[in-house]
Amino acid sequence: MEQVYVNAARLNVRAEPKSTSAPLSDRLWGDWLGVLDRQGEWLKVKAGLKTGWVREADTRPDRLLELYFIDVGQGDACLVQTPDDRRLLVDAGASDNAFRFIKWKYGGLKAPLAFDALVATHPDDDHFHGFAKIIDNPNIVGYTFYHNGIGRFAKAAGYNTPLGEVVGEPGSRALKTLCGSLDGAGGLSELCEAGKLTPQYAALVRSLQSATEAGRCGGVSRLGLSPQAKPKYLEGYRPTGTQRLGLHVLGPVLCGSGRLPWFDDSLGGGSKTRNGNSIICMLEYGNVRVLLAGDTNAASQAYLREAAGAEAFRADVLKCGHHGSADFDLAFIQAVRPAVSVISSGDNEQYSHPRADTIGALGKCGYGDRPLVFSTELARSYGQLDVAEATTGSLDKRIERLRVYGMIQLRTDGERVLMAQRMESPSRSGNSLKQWDVYELKRVGGGLKMAP
């Protein structure tokens, strides 16, 4: 099937080949369209679950870079779909929301689908536990699994913290127990078999073992930088003459040979250290930069600024650290100076994320007069159903019908950026259908601003 892509901010797919025909659906810039037939200036296309008509002049032959900030509740998941049809997934939430979206987007996963990388920024349940169904699926193949090297250890492991052995005095402590690949001395498989890992982390390792043995997983590797090291590109993601897309790894940054900084005041559980040493990545496509900040916090962001220099973190779009927590370094946000910020957070949590002062700081420090701040939680809404719909099917299906998930989408050609979130309720005006709340940004001066 010939394929083209939408070349308008939004485009109505119509029931018949004429502009006054009833709109069937509203598609976004860069959306895939399968061409079924032609009639003059009109194309008959398959667009998602709908089949209808669009003007050929409103299409383009080439794909854009697409980012999907998936609503996984209180957690993170970002799917990256590249213009040359490669895929990465950075975090996967705590449950199966990310898996279900991937399954829906890629035709039910009825055939093998290659990913270049699955990246668990750090070992918190709301970032790594959702990888289980993805790794266990027989048709998700070809990836390297990247992690930050921090394990989750059972008491039986005998370390002085749940993250491993910590050395040094207060103010200069470091975590020296770092995990790397699956195999070898001190590898994840050996730790798992020895009963040294927590049950959930051990379950992840066993899934990776099975996927590796089956040939679906191409390797497990720790990501990070040595002290004073320059940011490095993820394998296969260095820009060349023909490839405009790059992915820089900016953190975590070691504080010594094989050691990560300990950001917690005491030995305790190490939550600030676990979060603060998140893998932090910069996606670069043409002149557009997107910073994926994991769960970095004030202490780690200040440390990273010192290690790499503030300019390394300048970006047009920021996936905000730690779900909009108030634990952020203001100088770091000022260094990023994003035109767009995206917060991934959920309901029914005890942290009140996103925090009001964090939203305010992102707006105040953002580029331009009207910087954009999105939240998967704020974008989510619930609809009303009739009694028959509300009482049929499984409980999961009934809840699914009620919820409109708060996914935030990004599309870019390397110069312009489109951000979109679903309308709470579609609106119709004459023969036009509006299902998406869309913001177009163009480069003005040193950053992006909303197009007039």
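My aim in this report is to walk through the structure given alongside it, one point at a time. (Residues numbered from 1 in each chain as written. Predicted model: local features only at pLDDT ≥ 70, side-chain atom pairs only at ≥ 80, totals over all residues. Heavy atoms only, no water.)

As a further point, take the overall build of the chain. If you tally the helices and strands in the chain, you get 12 helices and 31 strands. Computed over its C-alpha atoms, the radius of gyration of the chain comes to 23 Å, within 12% of the 22 Å expected for a compact globule of 452 residues. Projected onto the principal axes, the alpha-carbon positions of the chain cover approximately 75 × 50 × 50 Å. Out of the 452 residues belonging to the chain, those deemed buried represent 53%. In the chain, the share of contacts with a sequence separation of at least 24, taken over all contacts with a separation of at least 6, comes to 64%. Looking at the chain as shown, the accessible area adds up to about 19400 Å², and 48% of this sits on carbon and sulfur atoms. Separation between the mean location of the 54 positive side-chain charges and that of the 51 negative ones in the chain comes to 2 Å. (Helix = DSSP H or I, 4+ residues; strand = E, 2+ residues; numbered from the N terminus. Rg over C-alpha atoms; globule rule 2.2 N^0.38 Å. Buried < 20%, exposed > 50% of the residue type's maximum accessible area, 1.4 Å probe, protein only. Contact = heavy atoms within 4.5 Å. Areas by Shrake-Rupley, 256 points an atom, 1.4 Å probe, with all protein chains shown as cover. Lys, Arg positive; Asp, Glu negative; His and termini not counted. Charge placed at Lys NZ, Arg CZ, Asp CG, Glu CD.)

This brings us to the pattern of salt bridges. Under the counting rule described, the total for this entry stands at 24 salt bridges. For Lys272, the salt bridge goes to Asp327, with nearest N and O atoms at 2.8 Å. Placement of Lys272 in helix α6 (residues 271–276) and of Asp327 in the loop between β23 (317–319) and α8 (330–336) is noted, with a sequence separation of 55 residues between them. With a relative accessible area of 37%, Lys272 lands in the partly exposed category. A residue is classified by how much of its surface remains accessible, and Asp327, at 24% relative accessible area, is partly exposed. One salt-bridge network, in which partners are shared between bridges, spans Arg63, Glu66, Asp85, Arg87 and Lys105. (Salt bridge = Lys/Arg side-chain N within 4 Å of Asp/Glu carboxyl O.)

Counting residues in each nonpolar core, the largest one holds 41 residues, and the members touching the most others are Ile70, Leu89, Phe115, Leu118, Phe131, Ile135 and Phe145. Those elements that provide at least two residues to this core are β9 (77–81), β10 (87–92), α1 (97–105), α3 (131–136), β14 (143–147), α4 (188–193), α5 (199–213) and β17 (217–222). A total of 6 residues in this core trace back to one element, the largest contributor, which is α5. Counting residues in hydrophobic clusters, the runner-up holds 37 residues, among them Cys281, Val288, Val317 and Val342. (Core = buried A, V, L, I, M, F, W, Y, C linked by side-chain atoms within 4.5 Å.)

Now for the sheet that holds strand β15 (residues 166–167). The 3 strands are arranged β15-β16-β20 in an open sheet whose pairing can be described as antiparallel. The open sheet has two edge strands with one neighbour each: β15 and β20 (260–261). Where β15 and strand β16 (residues 174–175) come together, 2 bridges link them in antiparallel fashion. Of the residues in β16, the one forming a bridge with Val167 is Ala174. (Pairing = 2+ DSSP bridges.)

For the rest of this paragraph, the subject is the sheet that holds strand β22 (residues 288–292). To summarise the sheet geometry, strands pair through backbone hydrogen bonds and adopt either a parallel or an antiparallel arrangement. If you walk across this open sheet you meet the 7 strands as β18-β19-β21-β22-β23-β24-β25, and the pairing is mixed. In this open sheet, the two strands that pair with only one neighbour each are β18 (232–233) and β25 (372–375). The sheet contact formed by strand β24 (residues 340–343) and β25 spans 4 bridges and is parallel. Its bridge partner being in β25, Val342 is matched across the sheet by Phe374.

Along α1, the positions that sit buried rather than exposed are Asn97, Ala98, Phe99, Phe101 and Ile102. Structurally, α1 contributes buried residues whose contacts are with β8 (65–69), β9, β10, β11 (113–114) and α3. In the segment just after α1, Gly107 is the residue with positive phi, at about 65 degrees.

Moving on, we come to the pairing of strand β28 (residues 408–412). When you tally the buried positions in β28, you get 5 out of 5 residues, the bulk of the element. The alternating pattern of β28 places Ile408, Leu410 and Thr412 on one face and Gln409 and Arg411 on the opposite face, and all of these are buried. Bridging between β8 and β28 involves 5 bridges; their strand directions are antiparallel. Each residue of the ladder has a partner; that of Tyr68, found in β28, is Gln409. Relative to strand β29 (residues 417–429), β28 runs antiparallel, the two being bridged by 5 bridges. Looking across to β29, one finds that Leu410 is bridged to Met419. Linking β28 to β29, which pair antiparallel, is a turn of 4 residues; within it Gly414 sits at a positive phi near 95 degrees.

Before going further, it helps to spend a moment on the packing of aromatic side chains. Under the counting rule described, the total for this entry stands at 8 aromatic pairs. Taken together, a centroid distance of 5.8 Å and an interplanar angle of 70 degrees make the contact between Phe263 and Tyr303 edge-to-face. Taken as a pair, Phe263 in the loop between β20 and α6 and Tyr303 in helix α7 (residues 298–308) lie far apart in primary sequence, 40 residues in all. Assessed through its relative accessible area of 12%, Phe263 is described here as buried. Ring geometry for Phe313 against Phe332: centres 5.2 Å apart, planes inclined by 55 degrees, an arrangement best described as tilted. (Phe/Tyr/Trp six-rings, centres within 6.5 Å; stacked < 30°, edge-to-face > 60°.)

Among all positions in α7, only Ser300, Gln301 and Leu304 are buried. When α7 is viewed along its axis, its buried side chains cluster within an angular range of 100 degrees and face the same direction. In the core, the buried residues of α7 are packed alongside β19 (245–251), α6, β21 (280–285) and α8. Within two residues after α7, Gly309 carries a phi angle of roughly 90 degrees, on the positive side. (Arc of directions from axis to C-beta.)

The topology assignment puts Thr273 in helix α6. For Thr273, a relative accessible area of 0% puts it in the buried group. Apart from the residues lying within four places of it in its own chain, the contact partners of Thr273 are Ile150, Leu163, Pro261, Trp262, Phe263 and Asp264.

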